[in-house]
Amino acid sequence: MSQKPFLRIDNIRKRFGPIVASDGVSLEIEEGEIHSLLGENGAGKSVLMSMICGMVRPDEGEIVFKGQSERFNSPREAIRQRIGMVHQHFMLVPNLTVAENYVLGQGSALRIINDMDKVHARIRELSDRYALDVRPGAIIEDLSVGEQQRVEILKVLFHGIDLLILDEPTAVLTPQETDRLLALMGDLVKDGKTVVFISHKLDEVMRVSNRISVMRDGRVVHTVNVGETNARALAHMMVGRDVRMELPRSPEPPGRVVLSVENLTCRAETGLPAVRGVSLNVRSGEIVGIAGVSGNGQTELSLALSGLLPVDGGRVMLSGKDITGLDPARINASSFSHIPEDRHKHGIVASLSLSENTILQRYDQKPFASRGMLNRRVIGEHTRDLIKRFRVKSRDEDQAIGSLSGGNQQKLVVARELARNPDFILVNQLARGIDIGAMEFVMEEMLKQRDNGRAILLISTELEELFAICDRILVMFHGEILGELPPDRTRLDELGLLMAGQTEQPALVG
Amino acid sequence: MDDMMFLTFLATLAGAAWRLATPLIFASIGEVFSERAGVLNIGLEGTMLVGAFCGFAAAFATGSVPLGLLAGIAGGMLFGLLFAFFTITIKADQIVVGAALNLLGMGLTAFLFRTYYVSTGKGIEIAQPVHIPFLSDIPFLGEAFFRQNLIVYSTVLVAILASLVLFRTSFGLTLRAVGEHPKAVDVAGRNVAAYRYGAVMVGTGLAGLGGAFLTLGHSNQFVEGITSGRGFIVLAVVVFARWSPIGAFFVSLLFGLFYALQLMLQAQASIIVPYQVLQALPYIMTIITLVVLRGKGAAPSKLGQPYEMR
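Residues numbered from 1 in each chain as written. Chains lettered and ligands numbered in written order. Predicted model: local features only at pLDDT ≥ 70, side-chain atom pairs only at ≥ 80, totals over all residues.

Thoughts on the overall build of chain B
Helix and strand counts for chain B come out as 13 helices and 0 strands. Written out in order from the N terminus, the α and β elements of chain B read α-α-α-α-α-α-α-α-α-α-α-α-α. In terms of principal-axis extent, the alpha carbons of chain B reach across some 70 × 45 × 40 Å. Residues classed as buried in chain B amount to 50% of the 310 residues present. Summarising the internal contacts of chain B: among those between residues at least 6 apart in sequence, 78% fall at separations of at least 24. (Helix = DSSP H or I, 4+ residues; strand = E, 2+ residues; numbered from the N terminus. Buried ≥ 20, exposed ≤ 12 C-beta atoms within 10 Å, placed from the backbone. Contact = placed C-beta atoms within 7 Å.)

This is the structure we're talking about:
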C-alpha cells in the first residue's frame, strides 16, 4: 500500500431522518484497482458512493481525493475532480439522443448547439476504443437496458474521469452483457482508471476485483484482497452468519399437471411476434425453469399467461380449466399467483402502503372486507404477519411501499403471492434486486411451496437461480422453447449454446 | 354568393383567423415552454386577464401601445412568479394553484377595472394595421395576410424563435430534459428549480402578451372576462400541437379559424343555426381535441410533478 491512498473516506456519517445510512464509514481506495463494495440491500453502499460523487452531502466525516480534502456540493463538482458514477437508475433523458444526453447541462445555457458533429465523432471514438457499440444518434428510449448502461458508462468517460463508480451495474444485464462489462472494467483499469464496483453478487465480485470491502449496517466491516478469501467467507461477512449455497430439496416425484400450455402465440406491444408456439407442462410439486437471454419472449410469455397481454393462438389450461385470454382478475382468482418481472408496473402501487399492497387482489374479499368496508384491523394483522415472516425491513405496515428498498419490495410481493395459497405460481425474475441473505430465504420459500405440491414456473436470466431450485430447465430462444436440460451445472456449456439458439447439440434431453 | 364574393369572404376569414389566433399563439407557445419543463400551468386564463388589464391600464395612462404590451408581459410574469413560487418552491399542487390563480386573475382584474376605469368609458388607441408594400396589394392574399398590425406579424417571429430556443440551444435542451428526467439534469449540475422558474416566466410572459393583444391589438377596451376561456383553450392547443412551438402556431390558427367562422357566420343572415351554437364552436373543438388525442404519448413524462431533490 502506498502512503497516500487515491481516495480516503474517513468516518463518514449520514442519516436520513431516523435512518442511519452511514454509521462512521472509513474506506481507502488505491489508484488503479478494481475495488468491490459488497453488501446486502440497505447496507449503505449506494449512499456512501452517492456522497463521493456529490449527490448526497455527508453529515460528518472527510473525503480525501488525490490528497485533497473534498466536499462536493453537486455531481458536477465531483466530475470536475474526475469522479463519475453510473447510477442504478439511469440518469438518461429517454426522449433525447445519446449525444444530446452527453451535452446536457454542459457549457453556457445560452450556447447554441451547433457542434454536434464533433460530439458524435468523440462518442464514436470512445465507443470504438472500449468496444461499447454506442451510436451517438440513437434515442435512449429505443435502446435495451444493457445498451443504456453502456451509454451511461460512456457518458462518464466522455466527461473524463479517473475514478468510476458503478452502482449495481449487473443487476439489469444478461450473462453475456455481464461478461462484457467485467471485461470493460479490466480495460478501464489498464487505461489508468480506478473502478469502484458496487454489487451483491459474489461470483462477479470474486472474478473481477483486486480488493473487496464488505459493508453491513452502514459500516465497512472488512476489506480483503481477493486472493485471500472465497465466496463462502464473503457471504458470511455480508450476512453476519453462514449462508447455505446449496439448498436441500425433497426427492418427491411431481404429481398431476397443473399448468398446461399448448402452442401459445402472442405478439409484443410493438406488434411483432414474440411468443411463437410455446408448449409446456408444469406439474404439482415441481419447479420448471425457463432460461434465456432477456428479450427472447420471456416477458411476453409471462404477460400472456397472466392475462396482461392478448393471446393470439394456443391454449392455457390451469387445473383443467381453460384460462386462455381471460382478464387478469379472473386469472388471479383461478389460484394463479404472479411474481412479475417489472415490479413497479405490475407488482406494486408505489404510493400505497404495505397493507394496501398486500390486499391488491383481494381487497373486496373476506376477511379483508365485508359489506363494502375494509377491515383495517385484519389487513394490518395480515400485513404485519407477512412482514415478520418474510423479514421485510420497514417502519410499519402503513409506510408507502415505494419508500422501501427494491429487495424489500420484492419480498413483500413474494409474501403476498405465496399467502394466496395458489396452485400455480408464475415467477419472472425471482431475486431481482434482492440481496444474498434474502435470496436464500426466498428460494427456500419457493422450495417449500414446491414440496407442498404447488406448480411453479420460474422465468429467469440468472442461471444460478435456476440451477439452485429448478427440477428441469427449458431454454427459450426467439419466442420458442429450444430444449430442456436438467439443473446440472456441468452442462452449462450446453445451456449456453441453447441460449444462443444453437440446437445441433446431440445431447438434448427430450 | 358568387365566386368573387366567396373569395372575398375567404380572404376576410383568413385575415380574421390570424388576428383571432394571435393571443392563442402567444399563450400556447408560452405554455409549451412551461409544460416542456414539467410545469402544467392551468392558470393561464387568469394570467391572460392580468396581461390584458395591465396592457390596457398602461396604454390608458401613457397612450403608448408598446408600453402597454410591455406592461402586459410584466403583469403576466409577475402573476407567473406567484405560480412558480407556490408550485416550484413550496411544491404545492400545480392544478390547485393554477385554479386559484384563475379565480384571482378574474376577481382582481374585474375589481380594479370597476374601481378605476369603468366610469371613464373611454377606449384606448390600439395598434394599427401596417400594410406591407406590394404584398398587401395582391388580390385576396394581401387582404388576408399583409394588412395586419405588427403584433400579429410578430407571431411568426415568436414561433420560429421559440422553436430555435427549444430545440437548438443548450437552454432548450436542458429545459426539455427537466420535464422528462429532472434528476438527470440535477446530476449534470444544473438547477432544476431555476429552469422551471425560467420556463414558467417565459410561459406567463407570453400569456400576458397574448392577453395584452386583446386590449391593445383587437378591442380597444378592457371588459371583465375579456379572455372568455382562451386560457383554457390554450391548454388544448398545446396537447394538439404535441408540445411543439411551430405546432402551437398552426393549431392556434385552426382555432382562430373557428373563432372567425362563428363571427362571420353570425353576420350572415341566411344562416339559420342559432348563433349560440356557432359561438360554442371553438369550445366544442377543444373538447373534441382533448377527447380524440387523450393519452397519446408525447407529453413530458414529469408533467405536473414537483421535483424533490434528496
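Some words on the pairing of strand β3 (residues 34-39) of chain A
Residues and elements named next belong to chain A. For β3, the tally of buried residues reaches 6 of 6 residues, placing the bulk of the element in the interior. In the sheet, β3 pairs with strand β8 (residues 194-199) via 5 bridges, with the strands oriented parallel. Looking across to β8, one finds that H35 is bridged to V196. Note: β3 against strand β9 (residues 211-216), 5 bridges, orientation parallel. Within β9, the position partnered with S36 by the bridge is I212. (Pairing = 2+ DSSP bridges.)

Digging into the confidence of the model for chain A
Interpretation of the predicted coordinates at a detailed level should be avoided for regions scoring low in pLDDT. Summary statistics for chain A give a mean pLDDT of 87 and a share of 95% for residues scoring 70 or more. The low-confidence segment residues 505-510 of chain A (pLDDT under 50) makes 7 contacts with residues lying over four places distant or belonging to another chain. (pLDDT = per-residue confidence, 0-100.)

Re the sheet that holds strand β13 (residues 286-291) of chain A
The pairing of strands in a sheet happens through backbone hydrogen bonds and is either parallel or antiparallel. Residue and element names in this part refer to chain A. Strand order across the open sheet formed by 6 strands is β16-β19-β20-β13-β21-β22, with mixed pairing between neighbours. At either end of the open sheet lies a strand with only one pairing partner, and these are β16 (336-339) and β22 (480-485). The mean angle between the axes of side-by-side strands here comes to 20°, regardless of whether they run parallel or antiparallel. Across the sheet, helix α9 (residues 298-305) lies against β13, β19 (424-428), β20 (455-459) and β21 (472-477), angled at about 150° from β19, the strand it touches most. (Axes fitted to C-alpha atoms, helices over the stretch in contact; angles between N-to-C directions.)

Some thoughts on the sheet that holds strand β15 (residues 321-322) of chain A
Residue and element names in this part refer to chain A. Strands sit in the order β12-β11-β14-β15 across an open sheet of 4 strands; the sheet is antiparallel. In this open sheet, the two strands that pair with only one neighbour each are β12 (273-283) and β15. In this structure, strand β14 (residues 313-318) lies alongside β15, joined through 2 bridges in antiparallel fashion. Pairing of L318 across the sheet is with K321, part of β15. α9 rests against β11 (257-267), β12 and β14 of the sheet, and its axis sits at about 65° to β12.

Focus: unusual backbone geometry
All names here are of chain A. Of note, the bond from K366 into P367 is cis; its omega dihedral lies within 30 degrees of zero at 5°. Even without being glycine, R82 reaches a positive phi, approximately 70°. Its identity is not glycine, yet N263 carries a phi of approximately 50°, on the positive side. Looking at where N263 falls in the secondary structure, it is placed in strand β11.

Topic: the packing of helix α1 (residues 3-36) of chain B against helix α7 (residues 170-180) of chain B
A pair of packed helices is characterised by two quantities: the angle between their axes and the separation of those axes. Residue and element names in this part refer to chain B. The interhelical angle for the contact between α1 and α7, taken along N-to-C directions, is 60°, at an axis separation of 7 Å. As far as their axial angle goes, α7 and α1 are oblique. Contacts from F33, E35 and R36 of α1 reach α7 at L175, R176 and G179. Of the residues that constitute the contact of α1 with α7, the class distribution is 2 nonpolar, 1 polar and 3 charged. (Parallel < 35°, antiparallel > 145°, perpendicular 65-115°, else oblique. Nonpolar A, V, L, I, M, F, W, Y, C, P; charged D, E, K, R; others polar.)

Description of the environment of A:Q361
All names here are of chain A. Mapped onto the fold, Q361 is located in the loop between α12 (354-358) and β17 (369-370). Looking at Q361, the number of C-beta atoms within 10 Å reads 16, which means it is partly exposed. For Q361 and A329, which are 32 residues apart along the polypeptide, the C-alpha to C-alpha distance reads 7.6 Å.

So, the domain arrangement of chain A
The domain boundaries assigned to chain A delineate domain 1 (7-239) and domain 2 (257-348 + 422-499). Between domain 1 of chain A and domain 2 of chain A, the C-alpha centre-to-centre distance is 33 Å. (Domains from an automatic or database assignment.)

A few points about α1(B)
The principal kink in α1(B), of about 40°, is found at B:A21, preceding the proline B:P23 by one to four residues. B:G38 lies just past α1(B) and shows a positive phi near 95°. (Bend = angle between axes of the 7 residues up to and from the residue.)

A look at the packing of α1(B) against helix α10 (residues 230-240) of chain B
Residue and element names in this part refer to chain B. Packing of α1 against α10 brings their axes to within 9 Å, and their N-to-C directions diverge by 60°. On the basis of their axis angle, the class for α1 and α10 is oblique. Our pair here, α1 against α10, has a crossing hand that is right-handed. For the pair α1 and α10, the contacting residues are P23, L24, A27, S28, E31, V32 and E35 in the first and R230, G231, I233, V234, L235, V237 and V238 in the second. Of the residues that constitute the contact of α1 with α10, the class distribution is 9 nonpolar, 2 polar and 3 charged. (Left-handed = near helix turned anticlockwise from the far one by under 90°.)

Digging into the environment of A:S335
Residues and elements named next belong to chain A. On the secondary structure map, S335 appears in the loop between α10 (328-332) and β16. C-alpha of S335 to C-alpha of D128: the two residues are 207 residues apart in sequence and 52 Å apart in space. Once residues lying within four places of it in the same chain are set aside, the contact partners of S335 are S319, P422, D423 and F424.

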